[in-house]
Each structure stands twice: as C-alpha cells, then as structure tokens.
Amino acid sequence: MQPISLPPRLLMGPGPINCYPRVLTAMSTQLVGQYDPAMTDYMNDTMALYRRVFNTQNQQTFLIDGTSRAGIEAALVSCLEPGDKVLIPIFGRFGHLLVEIAERVDAEVHTIEVPWGEVFDPQQIEDAIKKVQPKLLAVVQGDTSTTMFQPLEELGAICRAHDVLFYTDATASIGGNPLNVDEWQIDAVTVGLQKCLGGPSGSAPITLSDRFVEVVRKRAHVEAGIRDAHHQGASGLRIRSNYFDLPMIMDYWGEERLNHHTEAATMLFGSRECAVQLLSEGQDAVLLRHQLAGDAMLKGIQAMGLKPFGDLKHKMSNVVGIHIPDNVDGEKIRHDLLTIFNIEIGTSFGPLKGKVWRIGTMGYNARQDAVLHTLQSLETVLRRAGFALPAGEAVDAAMSVYAGEK
C-alpha cells in the first residue's frame with residue numbers, strides 16, 4: 001500500500017481545475033467539534049464571505065455538503081412539490097440535468113430549447129412564462145457543455161412581474177463572469193468550487209432570497225429525535241429528501257443549530273478560502289483576469305487555424321469550444337496532450353461528443369503561463385499529427401492580448 005501519488009497535471013479542461021495553493025493549505029487544517037465555538041464562528045464567517053461573493057444581502061447564504069449537483073438538487077427538491085409547474089430553458093447538457101431533477105419530484109416540467117451554441121433572448125423566456133405560468137424558472141447561467149453564457153440581467157424583473165421564482169445554476173460561471181444576485185433579482189443560486197472559484201468539487205455554496213425562503217419554509221419539518229415543544233409541523237408537503245431539505249439545513253446553519261448532519265469541516269475550510277482568495281484579489285480584478293486569459297486563449301486558437309464553437313458574443317470568459325478538424329483524431333490529440341505534456345483538455349457531451357474540444361482558463365489556471373503552455377503544447381501535438389498550421393502564431397497572438405495589443 002503506497003501513499004497517493006498523482007502525475008502533475010495542468011487541468012485546462014472545463015473543470016475541475018487545479019486548486020489555488022492556499023485552498024489546499026486550508027483543507028489540511030485539523031478538525032474541531034461541529035459545535036465548537038471556533039467551528040460555528042467559521043461557519044458564520046463563511047456565510048458572510050459568500051454573501052459578498054454572490055453580491056447579495058441574503059441571510060440564507062451557506063454551504064450544501066456535496067458537489068455542485070447537491071446544491072441544484074437541494075434547491076429544486078425543496079422548492080418544487082408534485083404538480084408544480086417549472087419552466088427550464090435548455091441550451092446545453094446542464095439544462096437537461098435540471099429537467100432530470102425536477103421530474104424526479106414529479107413537478108410538471110416545461111422546456112424551451114435553442115440549438116447548442118446559442119442562448120435565449122429574454123423575450124423568448126418571457127413568452128414561455130406567460131404561456132406556462134410556472135412556479136419556478138430554472139436556468140443555467142454558464143453551460144460548459146456548449147461554453148455559452150446565458151444573460152440573466154432582465155430575467156429577474158420578468159419573473160417578479162409574473163410572480164415566478166427565479167433559480168439559476170451558476171457553477172461554471174461564478175468568479176469568472178459577472179453574477180449580481182440582488183441587482184438581478186435572482187431568488188436562488190447554487191454553485192460549486194471546481195471552476196473559477198479555484199477549489200475542489202465537494203461543496204455547493206447557495207444563496208436564497210426571502211421570497212424563496214418563505215416558500216420552502218412552508219414545508220419545514222423537524223425530525224422526531226431533535227424536535228422540541230416549540231417546533232411546529234409543516235403546512236406544505238414534506239420535502240422528499242432528508243439530506244437536501246433546505247429548511248432543515250437552514251436550521252443547522254442558523255442560531256438554533258438544530259442537528260441535521262455533521263458539517264464537512266475540511267470542505268468548509270476550503271470553501272471559505274476560495275471566497276477569501278476571490279475577495280482578497282478583488283472581484284473586478286478576478287473577472288478581468290479571467291477575461292484576459294479567455295481572450296488570449298481564443299485568439300491563440302484562431303491564430304492556429306482552428307474554428308471556435310458557438311456564438312462568440314455569448315461565450316463564457318473561462319472556457320472556449322473548438323471544432324475538431326475533420327482530418328484530426330480528437331481523442332488522440334487529447335491523449336498525447338495528457339501523456340506527453342501533462343495537460344488535460346476536454347471533449348463534450350450529447351450532440352457535441354467527439355466534435356469539439358473544450359479548453360478552460362479558470363481560477364488558478366487563468367494565468368498567462370498556463371495559457372501559453374497549453375497553446376504551445378497543442379500546436380506541437382497537432383503539428384506532429386500532420387495538421388498544417390502556422391508555427392508560433394498561436395503563442396504570439398496570445399502574448400499580444402496580454403500585451404494589450406489586441
């Protein structure tokens with residue numbers, strides 16, 4: 001039995017990515033008891049930090065223990081009762097995930113779709129809301145399967161005008177693209193750490209508006225083993241998941257500290273450090289760094305003679321899709337990048353499987369040396385595979401972006 005020993009990969013795919021070193025350091029911290037004042041102080045501190053990350057004043061801002069999908073499931077399972085109407089605009093793989101989860105709670109799911117590589121105009125969504133009259137609009141902000149970024153700025157006001165709750169999964173976009181929860185009137189947002197926040201998968205920050213909390217609180221339930229005389233029963237149907245029951249989790253993070261689970265302390269320490277990293281550098285500075293890295297990668301790809309995928313006006317700053325040339329074995333290129341240069345890039349899913357590569361510039365890896373090393377290595381592997389390309393121009397184009405020349 002040998003200790004863990006992994007190769008030194010540079011993770012330049014759509015996520016996960018290499019963690020910020022300070023996050024890994026924080027996660028090596030020794031544990032204390034879950035109700036130790038030192039621990040609950042850090043829980044409160046983490047809540048306050050993520051209010052700043054989300055740009056919100058929402059009191060109910062905390063962590064769901066689990067991957068980003070855990071946060072999605074907690075939001076949807078806690079909000080939606082059987083028969084509730086939910087509208088889900090689909091522009092990639094993760095819109096289909098929202099449908100999958102909503103169907104499992106027997107919600108009445110309505111969808112609208114655009115081709116992968118496009119996003120929705122707000123009017124399309126409002127027209128569907130008028131037709132469906134849903135309880136909830138659930139939409140992905142940034143879908144890494146297509147690299148597209150759905151504008152949200154107008155959707156909150158549309159939802160308020162039609163008395164609809166507004167939820168978004170911003171896992172792939174937060175930290176690298178703007179997200180202003182209060183300004184945009186978003187009622188619930190869930191994210192993960194493993195993209196632009198620069199942490200590992202395993203914790204799902206969430207923020208909930210008072211409107212959203214009022215709805216899920218109607219389904220509040222306290223387990224018999226910890227119930228006291230002052231606890232009242234739910235007026236709505238009991239939430240179908242114990243682990244993802246948001247009112248129970250809110251009671252755990254709240255002043256009463258009702259026991260629900262044992263907080264994943266190591267993930268809390270890492271999550272907190274992701275927020276500290278972002279806020280210490282400054283949100284505007286981090287957004288600019290991601291935009292610069294994304295622009296440099298895009299220009300380098302184009303200079304190499306490769307064609308980007310999708311509507312570039314709506315591309316996320318932190319990931320680019322690339323059409324795999326017809327005469328190139330896409331998986332062989334990925335294999336050689338990984339095994340020769342220790343660089344990972346991704347392919348995609350569904351209709352794009354085997355047709356595009358996806359290269360991310362996220363978190364700790366949204367930096368000049370990582371961009372240049374990836375472009376140079378990709379050029380070398382392509383050239384050796386017989387793909388004709390202008391030597392050196394990819395790196396030159398990227399360096400021009402960093403020099404402010406393009």
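Residues numbered from 1 in each chain as written. Predicted model: local features only at pLDDT ≥ 70, side-chain atom pairs only at ≥ 80, totals over all residues. Heavy atoms only, no water.

K.L.:
Please provide a residue-by-residue account of unusual backbone geometry, values included.
P.N.:
Across the junction of glycine 15 and proline 16, the peptide omega takes the value 5 degrees, indicating a cis bond. Looking at the element boundaries, proline 16 is found in the loop between strand S1 (10-11) and helix H1 (21-26). Non-glycine residue arginine 257 carries a positive phi angle of around 55 degrees. Positive phi values are uncommon outside glycine, yet asparagine 342 reaches one of about 60 degrees. (Helix = DSSP H or I, 4+ residues; strand = E, 2+ residues; numbered from the N terminus.)

K.L.:
Explain helix H13 (residues 393-402) residue by residue, including any values.
P.N.:
When we look at burial in H13, the residues that qualify are Ala394, Val395, Ala397, Ala398, Ser400 and Val401. Among the structural elements, helix H10 (283-303) and helix H12 (368-384) are those in contact with the buried residues of H13. One or two steps after H13, the chain reaches glycine 404, where phi turns positive at roughly 80 degrees. (Buried < 20%, exposed > 50% of the residue type's maximum accessible area, 1.4 Å probe, protein only. Contact = heavy atoms within 4.5 Å.)

K.L.:
So, the nonpolar core: which residues are in play, and what are the values?
P.N.:
If you look at the biggest cluster of nonpolar residues, it comprises 89 residues, and the most contacted ones within it are Phe62, Ile64, Leu136 and Leu179. Ranked by residues supplied to this core, first place goes to helix H9 (residues 265-281) with 9 residues. Sequence-distant contacts of leucine 179, that is, excluding residues within four places in its chain, are made with Phe54, Asn55, Gln141, Leu152, Ala170, Ile174, Trp184, Ile186 and Val189. If you look at the next biggest cluster of nonpolar residues, it comprises 33 residues, including Ile333, Ile343, Leu375 and Phe387. (Core = buried A, V, L, I, M, F, W, Y, C linked by side-chain atoms within 4.5 Å.)

K.L.:
Describe the side chain of aspartate 65, with residues and values.
P.N.:
Relative to the assigned elements, aspartate 65 resides in strand S2 (residues 60-65). Only 3.0 Å separates the side chain of aspartate 65 from the side chain of histidine 261, close enough to count as a polar contact. Within the structure, the side chain of aspartate 65 is placed 3.1 Å from the backbone nitrogen of alanine 264, a separation counted as a polar contact. Excluding its chain neighbours within four sequence positions, the residues that come into contact with aspartate 65 are Ala70, Gly202, Tyr243, His261, Thr262, Glu263 and Ala264. (Polar contact = N/O pair within 3.5 Å; in protein donor to acceptor, adjacent residues only side chain to side chain.)

K.L.:
If you had to explain the environment of threonine 207 to someone new, which residues and values would you point to?
P.N.:
Take threonine 207: it is sitting in strand S10 (residues 203-208). Separated by 86 residues in sequence, threonine 207 and aspartate 121 have C-alpha atoms that sit 25 Å apart. Sequence-distant contacts of threonine 207, that is, excluding residues within four places in its chain, are made with Phe54, Thr56, Asn58, Gln60, Thr61, Val181, Asp187, Ala188 and Val189. Side-chain polar atoms of threonine 207 contact the side chain of asparagine 58, separated by 3.0 Å. Within the local environment of threonine 207, its side chain forms a polar contact with the side chain of threonine 61, the two groups lying 2.8 Å apart.

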